[in-house]
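Given next are the chains, with one letter for each unit.
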Amino acid sequence: MLQTAVHRPVALGKTEMKPSYRMDLRQYTQKEYDKFVKVNTVNDWSQVTWKDIGKPYEVTSFSKEKTEWEEKHGEILPVHTSWTMFNQSFHQWFSKDVPADISEKKDAFFHSLKSFNPSEVKTALGDYLRIHLWNYVHRIQDGIWDPRGKRALFEGLDVKKPRILFLGAAEGYEAMQLSAMYPGGEVVMVDYDPFCRDARFAEFPAAYPFLGKNPRTGGDKVYYKDAFTISYVVDDIRNLPYGAEFDIVLSVGLLEHFPDSMKAEVVEWHRKFLKPSGYIVMTTPRAQLRSKLYYEIMADVMNHTYRELMTLEQMGLYLHENGLDILKHGYIKVHNGIVAKAK
Ligand SMILES: C[S@@+](CC[C@H](N)C(=O)[O-])C[C@H]1O[C@@H](n2cnc3c(N)ncnc32)[C@H](O)[C@@H]1O
């Protein structure tokens, strides 16, 4: 018999910090909306030029794992391997009991002081700093999943029971949030790293509540991972057999991992699977000082791959010059977000 999880009732309008993440069922009022998404700052994309806005910031401090691999093998880390390293590394942080880890890292730091060994002290201090940063960014600020910002960005799409394609899906968070807001359809998640399907998505907390819509009443409804119709495809995006059949094609943190010579191809990956009436939804990390610091401090955890930080204008221009019609652009806590159609 198929087992479905029993979920304890959760309170709409409430937020609560769990050991590994924040659950947030707060709605925003129209007045609060501006706090979560600043939208449509550019009136006419044809007036924006690279000369005026410059090119993205490239993150050049790489993880120890990448540099050690390259020293050992005498070649550049292959892209696919770099993703498998990144996913394993990043996933560990989502699985942490953060308060317990803070206390452990604090004890380890004080213990290291007794060693009078500068490199031991430096390592212990770095570990303590990183878990504090993670606590602030992911649990206190909820900057990575950012459900209120994402809901504000995703709202207003004219779709019913959409088929959603998530390119480079990792743990699949944003497709589940979209599916809660536009229920009754199906999600196809694609990632060529099997660890994403088998660990990052499989171990995504079954108790995490996604605030969405009740299609019967039009009111709010809370959904959990097991309520969505999801298939997870482990393959290279370039091998996908689909035609122009999806209502929403989504990517989160994909475009910035490709240099300019490949940006057109990445945009095309989104367009080619989209129904003529469909929406492309894309987000990329923002080029703000605090993000630059985050990627510096978290280099060992995050920086296995080529990575840019771009402004909303830079992201928009990549999409505009590659044939997308930008309907809505804005920035949420740590990402830029764009909703577009194919021209
Ligand atoms: C930076 S992650 C997306 C960010 C994600 N939200 C996270 O938390 O990690 C990008 C994902 O795209 C996948 N990816 C990159 N290139 C791909 C390709 N050509 N085909 C399929 N998946 C790809 C990687 O394996 C990785 O899991």
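In what follows, the accompanying structure is described. (Residues numbered from 1 in each chain as written. Predicted model: local features only at pLDDT ≥ 70, side-chain atom pairs only at ≥ 80, totals over all residues.)

### Topic: the overall build of the protein
Within the protein, the secondary structure is distributed over 13 helices and 14 strands. Expected size for 343 residues packed as a compact globule is a radius of gyration near 20 Å; at 20 Å, the protein falls within 12% of this value. Seen through its C-alpha atoms, the protein measures out along the principal axes to roughly 65 × 50 × 45 Å. Here the protein, with 343 residues, has 37% of them falling under the buried criterion. Taking the contacts inside the protein whose residues are at least 6 apart along the sequence as the reference set, 70% of them involve residues at least 24 apart. (Helix = DSSP H or I, 4+ residues; strand = E, 2+ residues; numbered from the N terminus. Rg over C-alpha atoms; globule rule 2.2 N^0.38 Å. Buried ≥ 20, exposed ≤ 12 C-beta atoms within 10 Å, placed from the backbone. Contact = placed C-beta atoms within 7 Å.)

### Overview of the site of the ligand
Around the ligand sit 17 residues, and of these Trp83, Gly168, Ala170, Tyr192 and Gly253 come closest. Here the shell around the ligand takes three residues from helix 4 (residues 79–94), the largest share from any one element. Considering only residue class, the shell around the ligand consists of nine nonpolar, three polar and five charged. (Near = placed C-beta within 6 Å. Nonpolar A, V, L, I, M, F, W, Y, C, P; charged D, E, K, R; others polar.)

### Considering the nonpolar core
Nonpolar side chains in soluble globular proteins tend to end up buried together. With 64 residues, the main nonpolar core has Ile164, Leu165, Phe166, Ala175, Val249 and Leu250 as its most contacted residues. Per element, the largest residue contribution to this core is six residues, and it comes from helix 8 (residues 173–181). In this structure Phe166 touches Gly172, Glu174, Ala175, Val187, Met189, Val190 and Leu250, once residues within four positions along its chain are discounted. With five residues, the next largest nonpolar core counts Val98, Tyr128, Ile131 and Trp134 among its residues. (Core = buried A, V, L, I, M, F, W, Y, C linked by C-beta atoms within 7 Å.)

### Some thoughts on the environment of Lys225
Within the secondary structure, Lys225 is located in the loop between strand 8 (220–223) and strand 9 (230–233). Residues Lys225 and Pro241 lie 16 residues apart in sequence; the distance between their C-alpha atoms is 26 Å. Ignoring any residue separated from it by four or fewer positions in sequence, one finds Lys225 in contact with Met176, Phe204, Ala206 and Tyr208.

### A word on the pairing of strand 10 (residues 246–252)
Among the seven residues of strand 10, seven are classified as buried, and the element is accordingly described as predominantly covered. The sheet contact formed by strand 5 (residues 163–167) and strand 10 spans four bridges and is parallel. Residue Ile164 lies in a different strand from strand 10, and its bridge partner there is Ile248. The β-α-β motif built from strand 10, the intervening helix 10 (residues 260–271) and the parallel element strand 11 (residues 274–285) has right-handed crossover chirality. (Pairing = 2+ DSSP bridges. Right-handed = clockwise from strand over helix to strand, strands pointing away.)

### Notes on helix 5 (residues 98–113)
With 16 residues, helix 5 should cover 22 Å at 1.5 Å per step; its first-to-last C-alpha distance of 23 Å lies within 8% of that length. When we look at burial in helix 5, the residues that qualify are Val98, Asp101 and Ser112. The buried side chains of helix 5 occupy one side of the element, clustering within an arc of 55° when seen end-on. For helix 5, the exposed residues set more than 90 degrees away from the buried face come down to Ala100, Ser103, Asp107, Phe110, His111 and Leu113. (Expected span 1.5 Å × (residues − 1). Arc of directions from axis to C-beta.)

### A few points about the sheet that holds strand 11
Here eight strands make up an open sheet; going across it, the order is 3-13-14-11-10-5-6-9 and the pairing mixed. If you trace the sheet from one side to the other, it starts and ends with strand 3 (38–39) and strand 9, each paired once. Alignment of strand 3 against strand 13 (residues 324–331), held across two bridges, turns out to be antiparallel. Looking across to strand 13, one finds that Val39 is bridged to Gly330.

### Quick notes on unusual backbone geometry
Residues other than glycine predominantly adopt negative phi, and peptide bonds predominantly adopt the trans conformation. Of note, the phi angle at Lys161 is positive, near 45°, even though the residue is not glycine. One can find Lys161 in the loop between helix 7 (147–154) and strand 5. In this model, Ala170 sits at a positive phi of 50°, which is unusual for a non-glycine residue. Along the polypeptide, Ala170 turns up in the loop between strand 5 and helix 8. Note on Ala170: 24 C-beta atoms within 10 Å, which makes it buried.

### Quick word on the packing of helix 7 against helix 8
Across the interface, helix 7 lies against helix 8 with an axial gap of 10 Å and an inter-helix angle of 60°. Judged on the interaxial angle alone, helix 8 and helix 7 are oblique. Between helix 7 and helix 8 the crossing geometry is right-handed. Between helix 7 and helix 8, the residues in contact are Pro147, Lys150, Arg151 and Phe154 and Glu174, Gln177, Leu178 and Met181, respectively. Of the residues assigned to the contact of helix 7 with helix 8, the class counts are four nonpolar, one polar and three charged. (Axes fitted to C-alpha atoms, helices over the stretch in contact; angles between N-to-C directions. Parallel < 35°, antiparallel > 145°, perpendicular 65-115°, else oblique. Left-handed = near helix turned anticlockwise from the far one by under 90°.)

### Quick notes on the pairing of strand 11
Counting buried positions over the 12 residues of strand 11 gives nine, a clear majority of the element. Where strand 10 meets strand 11, six bridges bridge the pair, whose relative direction is parallel. Each residue of the ladder has a partner; that of Val252, found in strand 11, is Thr283. Two elements, strand 11 and strand 14 (residues 335–342), share six bridges in a ladder whose sense is antiparallel. Among the inter-strand pairings, Pro285 is bridged to a residue of strand 14, identified as His335.

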